[in-house]
Amino acid sequence: MALLDEGASGVFVIGVTPFAEDGALDLDSTDRAVDFYLERGATGLTVLGMMGEAPKLTAEEARSFVRRVLARVGGRVPVVAGVSAPGFAPMRELAEKVMDDGAAGVMVAPPASLRTDDQIYNYYEMAAETLGAATPFVLQDFPLATGVQIAPGVIQRIVRAIPSCVMLKHEDWPGLAKIAALRAASDRGETRRISILVGNGGILLPEELSRGADGAMTGFAYPEMLVDVWRAHAAGNVERAHDLFDAYLPLARYEQQPGLGLAIRKYVLARRGAIASATLRKPGGKLSQADIADIERLIARQERRLSELG
């Protein structure tokens, strides 16, 4: 598998980690989920992300899970593994293992302790040194989860100084102006142009693509929405991209609920046959019957709207 580089585009689906009803890692469902994502057009996969319940896995489970994903993918698309950790020793250990197993790159989020621009830059300088120059990495910018605000100027500084930073996973709110600023800087030749893939369930995907994003690195129970919107936009059919997005928007909005979103996503994925069980490893959110009724109504309305669009 080729390594991740600045030209990456499309939809890198953030994969869920399937568990059996008793909370055990379900590797058979891992195969099913990989097939499900690839059949719906994913151009890459990302595992061990924040919505992948990575902190709930043991080190050995994380390695087994990534190996299973890589084996099932079989080199068809690049796979990125999240290696964020409280310290650099576990980050290095996991990164070395997943890269040896065939991952295309790794993703690193900043720790919540970072406060100043210099602290953020210095952290990524040390992270890049820890990973090694041969390991490309994704800078995960997710202030809602990390509490770390990374200004466009700091991202540009990192990109100029650290060649192994090849992608930004953009999840800032509000963030459209940040994408535009980064693209303007690279267009002026002030910094290297890196790939920008967006997160947050793709809730602003059409607008983010128009501001210069190259695609999405996120999850949704209907990953084909992300793929179809990206394809339509890339083909210049912006109105079609918006129409498709609008059809899925009510469910995408519902899935974005903090604390409950992953439970909703796993429920729908299990309903669609992508995984055997909707189980979250504890601690995790739990759906009520009222929640399930909401979801079923939204799915029915979504199917009617998609049928009308053709």
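Note that the structure is predicted; figures quoted are calculated from it, not measured.

Focus on the UniProt feature "binding site: pyruvate" (unreviewed entry) in the protein chain
Phase 1 of the analysis: The positions UniProt marks with the feature "binding site: pyruvate" (unreviewed entry) are Met217.
Phase 2 of the analysis: Structurally, Met217 can be placed in strand E8 (residues 215-218).
Phase 3 of the analysis: You can call Met217 buried: its relative accessible area is 0%.
Phase 4 of the analysis: Contact partners of Met217, with chain neighbours within four places excluded, come to Phe12, Ile14, Thr46, Val80, Met107, Val138, Met167, Lys169, Leu197, Val198 and Gly199.

Here we look at the packing of aromatic side chains
Phase 1 of the analysis: This model, assessed by the stated rule, comprises seven aromatic pairs.
Phase 2 of the analysis: Relative to Tyr124, the ring of Tyr123 lies with its centre 5.4 Å away and its plane at 90°, an arrangement referred to as edge-to-face.
Phase 3 of the analysis: Owing to a relative accessible area of 8%, Tyr123 belongs among the buried residues under this scheme.
Phase 4 of the analysis: Taken together, Phe88, Tyr123, Tyr124 and Phe137 form an aromatic cluster joined through their ring pairs.
Phase 5 of the analysis: Sitting above the plane of the Tyr121 ring, Arg157 keeps its charged end 3.9 Å from the centroid.

Quick look at the environment of Phe245
Phase 1 of the analysis: Along the chain, the position of Phe245 falls in helix H10 (residues 238-255).
Phase 2 of the analysis: Exposure remark for Phe245: the relative accessible area of 4% places this residue in the buried category.
Phase 3 of the analysis: Put simply, Phe245 and Ala276 are 31 residues apart on the chain and 27 Å apart in space, counted from C-alpha to C-alpha.
Phase 4 of the analysis: Here Phe245 is in contact with Gly202, Ile203, Leu204, Leu205, Pro206, Met225 and Val229, once residues within four sequence places are set aside.

What counts, and at which threshold
Residues numbered from 1 in each chain as written. Predicted model: local features only at pLDDT ≥ 70, side-chain atom pairs only at ≥ 80, totals over all residues. Heavy atoms only, no water. UniProt positions renumbered as here; feature names shortened; annotations may be inferred. Helix = DSSP H or I, 4+ residues; strand = E, 2+ residues; numbered from the N terminus. Buried < 20%, exposed > 50% of the residue type's maximum accessible area, 1.4 Å probe, protein only. Contact = heavy atoms within 4.5 Å. Phe/Tyr/Trp six-rings, centres within 6.5 Å; stacked < 30°, edge-to-face > 60°. Lys NZ or Arg CZ within 6 Å of the ring centre and 35° of its normal.

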